[in-house]
Amino acid sequence: MVHNRPSKTLVSAGILVYLFLYIPLAVVVIFSFNDSKLNAEWVGFTWKWYEKLIHNENILRAAGNSLIIAIISAALATVLGTLAGLAIHRGRQKWLPALVLGPIAMPDILIGVSLLLMFILLNISLGSVSIILAHVSFCIGFVALAVQSRLAGMDQSLIEAARDLGASPWQSFRLISLPLLMPGIIAGALMAFTLSIDDFVITFFTAGVGSSTLPLEIYSMVKIAVTPEVNAVSTLLMLVTLTLITLLSKISPAVLRQ
């Protein structure tokens, strides 16, 4: 049996690409423990920048806002995205997948500007509500994609057997379809939460005066200087994101392969 092994050139190129992607992240993490206000050189190890974050009211307020917005956005997007995924799977309208999944392919800046204009035309005040509505609008497609991929692997004969045995459409959905869909739904919810808590571009356009999220607060700190405190909060945000991505990969690996 012949085993096709990747060439050394391909392996080397892959290693260089991963180094290019992850070395800057490693530098941020390392310098978040640097005992110096400047990131020019390593002075010594310290936890003081993380201790400062605990007493930084602006950071704590922004983190709280991000958490609340992400939870509400993920919950709404999960419900609507699940319904959209079911509609795409069962429906025959060719325009429906493009309508639901379109925001995934659109540039964030285009979505942000268009939502800003819509909120202005509808006289909706910019703030937490507008941010939640904006996040739900682009998270629905990701949840629908996760649910749809789960539906594609379902055994439809189980649902048909339940119907033949006298189960109503609601009973067959609640007792058969929903438990089978649950890994995809949970994966979509985690994906929506991750996208919401990390989003900057769309939030930047739809956030009003006085409403700040953690990415916006980090941006305002970076405009002054990239201090170890910025590195510390970025490291924590990175840790949360990687944890959620790891959970997502464990719950529904097929979603990440889409």
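Computed from a predicted structure; not experimentally measured. (Residues numbered from 1 in each chain as written. Predicted model: local features only at pLDDT ≥ 70, side-chain atom pairs only at ≥ 80, totals over all residues. Heavy atoms only, no water.)

**What about the pattern of salt bridges?**
Per the counting criterion, the structure on display carries one salt bridge. The residue Lys48 makes a salt bridge to Asp35 at a minimum N-O spacing of 3.0 Å. Note that Lys48 is positioned in helix 2 (residues 48-54) and Asp35 in the loop between helix 1 (8-31) and helix 2, a separation of 13 residues in sequence. (Salt bridge = Lys/Arg side-chain N within 4 Å of Asp/Glu carboxyl O. Helix = DSSP H or I, 4+ residues; strand = E, 2+ residues; numbered from the N terminus.)

**Some points on a nonpolar patch on the surface**
Together, Val11, Ile15, Leu16, Leu19, Ile23 and Val27 line one region of the surface with nonpolar side chains, adding up to about 520 Å² of accessible area. Relative to the helices and strands, Leu19 resides in helix 1. (Patch = residues over 30% accessible without salt bridge, like charges linked within 9 Å, V, L, I, M, F, W, Y side chains within 5 Å. Areas by Shrake-Rupley, 256 points an atom, 1.4 Å probe, with all protein chains shown as cover.)

**Quick notes on the packing of aromatic side chains**
Within the structure shown, the criterion is met by eleven aromatic pairs. Centre to centre, the rings of Tyr18 and Tyr22 are 6.2 Å apart; their planes meet at 15°, and the pair counts as stacked. Residue Tyr18 and its partner Tyr22 are both found in helix 1; the two are separated by four residues, about one turn of the helix. A relative accessible area of 52% means that Tyr18 is categorised as exposed. (Phe/Tyr/Trp six-rings, centres within 6.5 Å; stacked < 30°, edge-to-face > 60°. Buried < 20%, exposed > 50% of the residue type's maximum accessible area, 1.4 Å probe, protein only.)

**Regarding the confidence of the model for the protein chain**
Per-residue confidence for the protein chain averages 83 on the pLDDT scale, and 93% of its residues sit at or above 70. Per-element confidence in the protein chain ranges from a low mean pLDDT of 48 for helix 12 (residues 253-256) to a high of 92 for helix 9 (residues 201-206). Low pLDDT, under 50, characterises residues 254-258; the stretch is placed with eight contacts to residues that sit more than four places away or in other chains. (pLDDT = per-residue confidence, 0-100. Contact = heavy atoms within 4.5 Å.)

**Some points on unusual backbone geometry**
At Asn123, a residue that is not glycine, the phi angle is positive and equals roughly 60°. With respect to the helices and strands, the residue Asn123 is situated in the loop between helix 5 (108-121) and helix 6 (128-152). Residue classification places Asn123 among the exposed positions, given a relative accessible area of 70%.

**Re empty space enclosed by the protein**
Going through the model one piece at a time under the given rule, you end up with one cavity of 30 Å³ or more. Contributing to the lining of the largest cavity are Ser66, Ile69, Ala70, His135, Ser196, Ile197, Asp199, Thr203, Thr213 and Pro215. Among the elements of the structure, helix 3 (57-90) and helix 8 (169-198) are those that each provide at least two residues to the lining of the largest cavity. Examining the composition of the lining of the largest cavity, we find that three residues originate from one element, helix 3, more than from any other. Here the residues of the lining of the largest cavity are counted per class, giving four nonpolar, five polar and one charged. (1 Å grid on protein atoms, 1.4 Å probe; cavity = no way out; pocket = protein on both sides within 12 Å on 5 of 7 lines; lining within 4 Å. Points joined across faces, edges and corners; volume = space filled by probe spheres on them. Nonpolar A, V, L, I, M, F, W, Y, C, P; charged D, E, K, R; others polar.)

**With respect to the layout of surface pockets**
Its boundaries defined by the atoms lining it, the largest pocket holds a volume of some 200 Å³. If you go around the largest pocket, the residues you meet are Leu53, Ile59, Leu60, Ala63, Ser66, Leu67, Ile197, Leu214, Val233, Leu236, Leu237 and Val240. Listing elements by their share of the lining of the largest pocket, those giving two or more residues are helix 3 and helix 11 (228-251). When grouped by side-chain class, the residues that make up the lining of the largest pocket number eleven nonpolar, one polar and no charged.

**As for helix 8**
Taking 1.5 Å as the rise per residue, helix 8 with 30 residues should run 44 Å; its terminal C-alpha atoms sit only 38 Å apart, a clear shortfall. Largest kink in helix 8: about 50°, centred on Leu178, with the proline Pro179 one to four residues after it. (Expected span 1.5 Å × (residues − 1). Bend = angle between axes of the 7 residues up to and from the residue.)

**Points about the nonpolar core**
If you look at the biggest cluster of nonpolar residues, it comprises 36 residues, and the most contacted ones within it are Val100 and Leu181. Counting residues per element, the ones that place at least two in this core are helix 3, helix 4 (95-105), helix 5, helix 6 and helix 8. Once residues lying within four places of it in the same chain are set aside, the contact partners of Leu181 are Leu86, Val147, Arg150, Leu151, Met154 and Phe173. Core analysis: the second largest hydrophobic core is formed by twelve residues, Ile59, Ile218, Met221 and Leu237 among them. (Core = buried A, V, L, I, M, F, W, Y, C linked by side-chain atoms within 4.5 Å.)

**Things to note about the packing of helix 5 against helix 6**
Across the interface, helix 5 lies against helix 6 with an axial gap of 11 Å and an inter-helix angle of 135°. The orientation of helix 5 relative to helix 6 falls into the category oblique. As for how helix 5 packs across helix 6, the hand of that crossing is right-handed. Where helix 5 approaches helix 6, its residues Ile111, Leu115 and Phe119 are matched on the opposing element by Ser130, Leu133, Ala134, Ser137 and Phe138. Here the residues of the contact of helix 5 with helix 6 sort into six nonpolar, two polar and no charged. (Axes fitted to C-alpha atoms, helices over the stretch in contact; angles between N-to-C directions. Parallel < 35°, antiparallel > 145°, perpendicular 65-115°, else oblique. Left-handed = near helix turned anticlockwise from the far one by under 90°.)

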